[in-house]
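# Architecture at a glance
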Amino acid sequence: MAAVRKPVLLGLRDAMVRGCPTGPGAWTASKLGGLPDALPTVAAPRPVCERCQQSLALVVQVYCPLEGSPFHRLLHVFTCPLPRCGGGGARSWKVFRSQCQQMREKEAPDAQKQENGLAAEDWCEGAGDWGSDSEEAPSPQLSLNVGNNSNGAKDGDWTAQLQELHLQDSVLGAAVPVPPGEGVALSSVVPHFLPYYICVVDEDDYRDVVSLDHAHSLLRDYQQREGVDVEQMLSQSLPSDGSEKYEKTVIKSGDKIFYKFMKRIAACQEQILRYSWSGEPLFLTCPTSEATELPACTHCGAQRTFEFQLMPALVSILRSADLGLSAEFGTVLIYTCKKSCWPQNQQTPMEEFCIVQEDPDELLFK
C-alpha cells in the first residue's frame, strides 16, 4: 500500500511589516527579516555566529502551534549576514524553538500527556486554532487565485489554517506581561533584513492549476500527431557551438535530485518556505549522512523530524536595513524535536537542528 503523501504548505512574501508590532499581534505572525519577537514567558533568542562571533540576523519567524498541544509555538531561523561567513554552512546558522502554555496553570498536568501524543499531521488538520472558513484570503503578489476551490468544508479548513499564520491582528487571549526591557529590540546593534509578513497557501492549489505532467502529456500528443521531435527542432534552431553541446549533455545526464527539485517548485517559483510537519524534505543536492543520521533532541532524547525548509527565492528577497548584509544558500532544512518537548518553567529558547545545502550553481564559482 502506497504511503500517504504529507500535505505541503508554501510560504510567500506578503506585505511589509510597518512600525513595531507588540503583544500577540507580533509573536503570532510569521515573517521574514526584521527582529525576533518573544513569547510572553520566553526570552527572545539573540544568537551569535560561531565563526565571527557577531550577532546573527533573523531570516524567518514561523508561528506554528501543533494541534493537540497546549502550547503556543514559535520557530526562529538566523544566519550570519556578513559576506565572509556566507560559506560557513550550518556554523553560520541557528534555529530556535520557543513555547508557552495557552492554558491555565491548573490544567498544566495534562500538557505533557497531550504533547507525547502528537500526531505528525496534527499541525495541519484542525482549523479551530486558525480561524473560520469565512475569513477573506490575503492577496499576496500571485498570478493565480489560490484557496478558492469548491471541494467542500474539509478543503476550506486548510485555507483557513494557512491564512491565520500571517495575520498580525489575531488575538489569542490575554498574554502574560513581558518583563520590563525583555521586549526591547536592539535594532541599533543587531543586523536585520527588511521585514515582510509571510502568507501561506496549499501547494495542491498550485499543482491543480499548473500541472507539469499535463504539459508533458500535451507535448507527447503533439509530437505523435505531427510526427516531429520538438527537442530536435529546438536544437536545430539554436547555434550549435561547443558550450551548447556541453550544456545539453549536462542536462541529459545531470543531477536527478536537482532537476526533481526544480520540477517540484516550477508551479510556484516564488515560494520562500515549504512547511510539511514530519513530511519529506525537498533536497537540492544529494543528501549527506547528516540528513539520515539526525542528532536526537538534546533535552528529551527523542528523534528529530523534518518541519520546514527555506527556498532559493528567499535569497533575492532578503534586503538589509544596513549596508553590506546578505544571505546565500540553496535551501535550508529545519528539523525539530518530534515530541516538541518543553521543560516546565523553561524561559529560554531551545536550539534545534538545520542542514544547509548550497546552490549547485554557486559551487561552480568557488
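Residues numbered from 1 in each chain as written. Predicted model: local features only at pLDDT ≥ 70, side-chain atom pairs only at ≥ 80, totals over all residues. Heavy atoms only, no water.

### Overview of the pairing of strand E9 (residues 331-337)
Spelled out, the test is: Remark: exposure states derive from per-residue accessible area (1.4 Å probe, protein chains only) relative to the maximum for the residue type, with buried under 20%, exposed over 50%, and partly exposed in between. Helix and strand labels come from DSSP, where a helix needs a run of H or I of at least four residues and a strand needs a run of E of at least two; each type is numbered from the N terminus. Each pair of strands is called paired provided DSSP finds at least two bridges between the two strands.
Counting buried residues along E9, 7 of its 7 residues qualify, which places the element largely inside the surrounding structure. When strand E8 (residues 304-310) meets E9, the two strands line up antiparallel, connected through 6 bridges. Directly across from Thr305, in E9, lies its bridge partner Thr336. Where E9 and strand E11 (residues 353-357) come together, 5 bridges link them in antiparallel fashion. The residue bridging Tyr335 from the neighbouring strand is Phe353, located in E11.

### Quick word on the pattern of salt bridges
Filter applied, for reference: When a carboxyl oxygen of Asp or Glu is within 4 Å of a side-chain nitrogen of Lys or Arg, the pair counts as a salt bridge.
Counted by the stated rule, this structure contains 8 salt bridges. Lys31 is the partner of Asp37 in a salt bridge, and the nearest nitrogen-oxygen pair spans 3.1 Å. Side by side, Asp37 and Lys31 carry an identical accessibility label, which is buried. We note a salt bridge from Glu352 to Arg304, for which the minimum N-O separation is 2.8 Å. Of the two residues, Glu352 is situated in the loop between strand E10 (350-351) and E11 and Arg304 in strand E8; the sequence distance between them amounts to 48 residues. Just as Glu352 is buried, Arg304 falls in that class too. Linked by salt bridges that have partners in common, Glu50, Lys94 and Glu351 make up one network.

### Let's talk about the sheet that holds strand E5 (residues 93-101)
Across the sheet, 11 strands lie side by side as E10-E5-E4-E3-E2-E6-E1-E7-E8-E9-E11; this open sheet has antiparallel pairing. Whereas interior strands pair on both sides, the edge strands pair on one side only; in this sheet they are E10 and E11. Two strands pair when backbone bridges link them, and strand E2 (residues 31-32) and strand E3 (residues 57-63) are joined in this way by 2 bridges, in the antiparallel orientation. The partner of Lys31 across the bridge, within E3, is Gln61.

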